[in-house]
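# Tertiary structure, described
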Amino acid sequence: MKHACKEISRLASDSLDRKLGLWEKLKFRMHLFICVNCRNCDNNLKLIRNALDLIEKTKYGQARLSDVQRDQLHQTLKKNTGC
Amino acid sequence: MTQAMLHSFQIHTHARYFRLATHQTFWQSRIVNSDPHLWLKDHGDYLYRYALSRLHNEDLASDMLQETLLAGWRGFENFAGQSSIRTWLVGILKHKIIDHIRLDIRNRKLAESVENDPTSAYFNENGSWSEAPSAWQDNPEELCQSEQFHAVLESCIGKLPEKQQIVFRMRDITGDDSDTICKSCDMTSTHLHVLLHRARLALRMCLQWNWFGEGSRS
Ligand SMILES: [Zn+2]
């Protein structure tokens, strides 16, 4: 049974966000087996997700409060909590 | 004794030990952790990173952190000690960020209809690809190092309709779960999945043309 690539691309996207149901998974796997285009699309989407994940980690992984921000926060806390 | 009875007995015993353990941390954390200055010192950077990666704005992230610390101080009675103080503070911050994003979306009146499916453009009438996706050779580690790729990626994401951008960034960049995003954006999970599908296919196409495709980097 050949399912339309459009429908399969939706499953490829959904599989990044939720667990596919049994029937969906079967349909998805079987289609990828016979369709190189959808296989490529699925891999492309995964590559984008993984690259973004790495980029994000390097971008914000090192972020720290600046001394100025930290001082301001301490002052605001003091003013509002009295301690 | 049957297997099932034995199993339930084990669970009950386990639960009792667990309650005992949290009871102890409950008192310890009360004594150690009620000073917001100490929270700032121990968890400030962590909470700041959490906020910054979701709000992409340093001043806003710092404001959210401030509100969180104050709310934590005012509501310290509600800290039940079942979790660490950091987890508890993250929970407060998370809600503040959700509220902020929700308000922001409402104020800007961002809407996107579910009808008029833009992904139809990538497919023929029988549902097959109108332009075949190719295999991409690069790996994430190399891509991550390339400033050029960052620029292309950012410009491709920037071209997405605004609501798609928001949910895509929350899901694939920040890594928030679907539930959090649905709450922030007042939408059903089905609607969210529709938007993410659109965003990802558009982004895939944009990268195919501007980065991975033949001759795109010559
Ligand atoms: Zn296909």
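Residues numbered from 1 in each chain as written. Chains lettered and ligands numbered in written order. Predicted model: local features only at pLDDT ≥ 70, side-chain atom pairs only at ≥ 80, totals over all residues. Heavy atoms only, no water.

A tally of regular secondary structure across chain B gives nine helices and zero strands. Each helix (α) and strand (β) of chain B, taken in turn from the N terminus, gives the series α-α-α-α-α-α-α-α-α. Counting over 218 residues, chain B shows a buried share of 46%. A total accessible area of about 12300 Å² is found for chain B, and carbon and sulfur atoms account for 52% of it. (Helix = DSSP H or I, 4+ residues; strand = E, 2+ residues; numbered from the N terminus. Buried < 20%, exposed > 50% of the residue type's maximum accessible area, 1.4 Å probe, protein only. Areas by Shrake-Rupley, 256 points an atom, 1.4 Å probe, with all protein chains shown as cover.)

Attention shifts here to the domain arrangement of chain B. Residues and elements named next belong to chain B. Along its sequence, chain B is organised into domain 1 (3–107) and domain 2 (118–212). Of the residues lining the interface, nine residues belong to domain 1; the matching set on domain 2 comes to twelve residues. For the pairing of domain 1 and domain 2, the buried interface totals around 910 Å² over both sides, and the portion due to carbon and sulfur atoms is 57%. Our count for the contact surface shared by domain 1 and domain 2 stands at three salt bridges. Summed over the shared surface of domain 1 and domain 2, the number is five residue pairs in polar contact (both at pLDDT 80 or more). Elements represented by at least two residues in the side of domain 1 that touches domain 2 include exactly α2 (36–55) and α4 (85–107). The element contributing the most residues to the side of domain 1 that touches domain 2 is α4, with six residues. Split by residue class, the side of domain 1 that touches domain 2 holds three nonpolar, two polar and four charged. (Domains from an automatic or database assignment. Contact = heavy atoms within 4.5 Å. Buried area = accessible area lost by both parts, 1.4 Å probe. Salt bridge = Lys/Arg side-chain N within 4 Å of Asp/Glu carboxyl O. Polar contact = N/O pair within 3.5 Å; in protein donor to acceptor, adjacent residues only side chain to side chain. Nonpolar A, V, L, I, M, F, W, Y, C, P; charged D, E, K, R; others polar.)

All names here are of chain A. On the protein side, the zinc ion has C5 (SG), H31 (NE2), C35 (SG) and C38 (SG) as donor atoms, found 2.0 to 2.3 Å from it. Considering all four donor atoms around the zinc ion, the spread of angles at the metal, 99 to 115°, places the coordination shape in the tetrahedral class. When the donors of the zinc ion are listed by position in the chain, the intervening gaps give C-x25-H-x3-C-x2-C. You can call H31 buried: its relative accessible area is 2%. (Donors = N, O, S within 2.8 Å, 3.2 Å for Na, K, Ca; no water. Tetrahedral: all angles 85-135°; square planar, octahedral: opposite > 155°, others 65-115°.)

This paragraph deals with the packing of helix α3 (residues 36–60) of chain A against helix α7 (residues 162–174) of chain B. Their axes nearest at 8 Å, the elements α3 of chain A and α7 of chain B cross at an angle of 80°. In this view, α3 of chain A runs roughly perpendicular relative to α7 of chain B, as classed from their interaxial angle. Between α3 of chain A and α7 of chain B, the residues in contact are R49, L52 and E56 of chain A and F168, R171, D172 and I173 of chain B, respectively. Taken together, the residues of the contact of α3 of chain A with α7 of chain B break down into three nonpolar, no polar and four charged. (Axes fitted to C-alpha atoms, helices over the stretch in contact; angles between N-to-C directions. Parallel < 35°, antiparallel > 145°, perpendicular 65-115°, else oblique.)

A few words on the packing of α2 of chain B against helix α3 (residues 58–74) of chain B. All names here are of chain B. The N-to-C vectors of α2 and α3 enclose an angle of 135°; their axes lie 8 Å apart at closest approach. Taken together, the axes of α2 and α3 lie oblique to each other. Two packed elements cross with a definite hand, and for α2 against α3 that hand is right-handed. Residue-level contacts link P36, W39, L40, G44, L47, Y48, A51, L52 and L55 of α2 to E58, L60, A61, S62, M64, L65, L69, G72 and W73 of α3. For the contact of α2 with α3, a count of residues per class yields 14 nonpolar, three polar and one charged. (Left-handed = near helix turned anticlockwise from the far one by under 90°.)

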